Structure formats: C-alpha cells, structure tokens
Amino acid sequence: MDECIFCRIKRGDLPATVVHEDDHCLAFHDKFPRAPTHLLVIPKKHLPDLNALGEEDKALVSHIMLTIPSIARKQGLEAYRMATNIGAAAGQAVFHLHFHILGGGPLSPL
Ligand code: AMP
Ligand code: ZN
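Parameters and conventions
Each chain carries its own residue numbering, running from 1 in the direction its sequence is written. Chains and ligands are labelled sequentially in the order written, the chains with letters from A and the ligands with numbers from 1. At least 70 in pLDDT is required for a residue's local features to be given in this predicted model, at least 80 for side-chain atom pairs to be given and counted, and no such filter applies to totals for whole chains, interfaces and linings, which use all residues. Only hydrogens and water are set aside when side-chain values are computed; all heavy atoms of the structure are taken into account. Each metal's donors are the N, O and S atoms within 2.8 Å of it, or within 3.2 Å when it is Na, K or Ca, and because water is not part of the set, sites may look incomplete. For a four-donor site, all angles between 85 and 135 degrees give tetrahedral; for four or six donors, opposite pairs above 155 degrees with the remaining angles between 65 and 115 give square planar or octahedral; all remaining cases count as irregular. What counts as a helix is a DSSP run of H or I of at least four residues, what counts as a strand is a run of E of at least two, and both are numbered from the N terminus. It suffices for a single heavy atom of a residue to lie within 4 Å of a molecule or strand for the residue to be listed as near it. Polar contact criterion, stated in full: a pair of N or O atoms within 3.5 Å, where within protein one must be able to donate a hydrogen and the other to accept it, and residues adjacent in sequence count only if both atoms are side-chain atoms. A 1.4 Å probe rolled over the protein chains alone gives each residue an accessible area, and that area as a share of the maximum for its type sets the label: buried under 20%, exposed over 50%, partly exposed in between. Here, a strand pair is defined by DSSP locating no fewer than two bridges between the strands. Residues count as neighbours in contact if any of their non-hydrogen atoms are within 4.5 Å of one another. Under this scheme, a helix contributes an axis fitted over its contacting stretch, all axes are lines through C-alpha atoms, and angles between N-to-C directions fall in the 0 to 180 degree range.

(A) Looking closely at the coordination of the zinc ion (ligand 2). For the zinc ion (ligand 2), every protein donor is listed as Cys4 (SG), Cys7 (SG), His46 (ND1) and His96 (ND1), and the spread of their distances is 2.1 to 2.3 Å. Here the zinc ion (ligand 2) is ringed by 4 donor atoms whose angles at the metal span 104 to 118°, and the overall shape comes out tetrahedral. Taken in chain order, the donor set of the zinc ion (ligand 2) reads C-x2-C-x38-H-x49-H. Here His96 lies in the loop between strand E4 (80-83) and strand E5 (99-103) and His46 lies in the loop between strand E3 (37-43) and helix H2 (58-74), a separation of 50 residues in the sequence.

Here it is, written out as structure tokens:
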C-alpha cells in the first residue's frame with residue numbers, strides 16, 4: 001500500500017493540485033487531463049476499486065456521492081461525467097478507488 005500513488009498523494013508525499021479535502025475524501029486535478037476539467041475524487045481509505053466496497057463503507061460511499069456534485073459546482077461545471085473504472089481491462093491503471101469528474105466542454109459519447 002506504500003507504493004499506491006493515490007495514498008502517497010493523500011499523505012502529501014506526491015504533489016497534486018487539491019481542490020477539495022475533508023475527513024473522508026480528497027479531490028485533485030488529474031495529471032494527464034482528458035477534458036478541460038478532469039478531477040479525481042478518492043476516498044482517504046485505501047480500497048482497490050468499487051468491488052472492494054463492503055457494508056462498512058456505506059457511509060463513505062454516500063458521503064463521496066454527495067460531495068461530488070458540490071465539488072463540480074465549485075469548479076463551475078454545469079455538465080460533467082462521473083466515471084470509475086473497475087479492472088485493468090476496463091482501463092483502470094491506479095488501484096485505489098477513484099471517481100473521474102470530466103467536464104468543462106463537450107464530451108465524446110460513451
Ligand atoms: P484509471 O485509469 O481509471 O485508473 O485512472 C487513473 C488516473 O490517474 C488517470 O486518469 C491518470 O492520468 C491519473 N494519474 C496518474 N498519476 C497521477 C498523479 N501522480 N497525479 C494525478 N493524477 C494521476
Ligand atoms: Zn491507496
């Protein structure tokens with residue numbers, strides 16, 4: 001877990017442009033943005049992906065889902081896409097649960 005880059009960002013060991021932080025989650029700009037605004041929202045708790053969530057994470061997930069619209073609003077995003085990749089074949093490259101927020105311009109259809 002020490003090598004997890006998002007845990008390193010969470011600890012402040014790796015630089016990131018943080019736009020939101022609270023007791024349970026952190027949001028920062030994606031280093032390789034694929035939209036005019038591309039943010040990542042991560043739980044502070046290390047969980048590899050959505051499949052790793054358990055009953056004990058209900059409050060955490062609820063908190064993140066309620067926080068994402070507020071982060072998007074503060075970034076001035078009227079329209080945006082929220083996505084999470086689960087598994088390498090789906091495009092997941094960092095195995096710490098994260099939600100992409102993409103917006104700031106037209107997005108290609110899924
Ligand atoms: P995923 O492909 O869904 O696992 O998304 C991982 C995301 O992390 C990609 O969009 C990367 O561009 C992004 N990323 C990788 N390293 C960093 C970093 N050091 N700081 C911010 N974003 C990163
Ligand atoms: Zn991690």
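(B) Representation of the site of ligand 1 within the structure. In the vicinity of ligand 1 there are 18 residues, among which Asp30, Arg34, Gly91, Ala93 and His100 approach most closely. Ala93 places a polar main-chain atom, nitrogen or oxygen, 2.7 Å from an oxygen atom of ligand 1. Here His98 contributes a side-chain N or O atom positioned 2.9 Å from an oxygen atom of ligand 1. Within the residue set of the shell around ligand 1, elements represented by two or more residues are helix H1 (5-11), strand E2 (25-29) and E3. Take the shell around ligand 1: its biggest share by element is 3 residues, from H1.

(C) Region of the structure containing the pairing of E2. Of all 5 residues that make up E2, 4 are buried, and the element is covered over most of its length. As paired elements, strand E1 (residues 18-21) and E2 share 3 bridges and run antiparallel to each other. Counted as the bridge partner of His20 is Ala27 from E2. Adjacent in sequence and paired antiparallel, E1 and E2 are bridged by 3 residues. Examined bridge by bridge, E2 and E3 share 5 bridges and lie antiparallel to one another. Of the residues in E3, the one forming a bridge with Phe28 is Leu40.

(D) Spotlight on the side chain of Asp30. When you line up the elements, Asp30 lands in the loop between E2 and E3. With sequence-adjacent residues up to four places away left out, Asp30 is seen in contact with His38, Leu39, Leu40 and His100.

(E) Geometry of the sheet that holds E2. Reading across the sheet, the 5 strands line up as E1-E2-E3-E5-E4 and stay open at both edges, with antiparallel pairing between neighbours. Each having just a single partner strand, E1 and E4 make up the two edges of the open sheet. Strand-to-strand twist of the sheet, defined as the mean angle between neighbouring strand axes without regard to direction, takes the value 15°. The strands that H2 touches are E1, E2, E3, E4 and E5; relative to E3, the one it contacts most, it runs at about 155°.

Keep in mind these values describe shape, not function.
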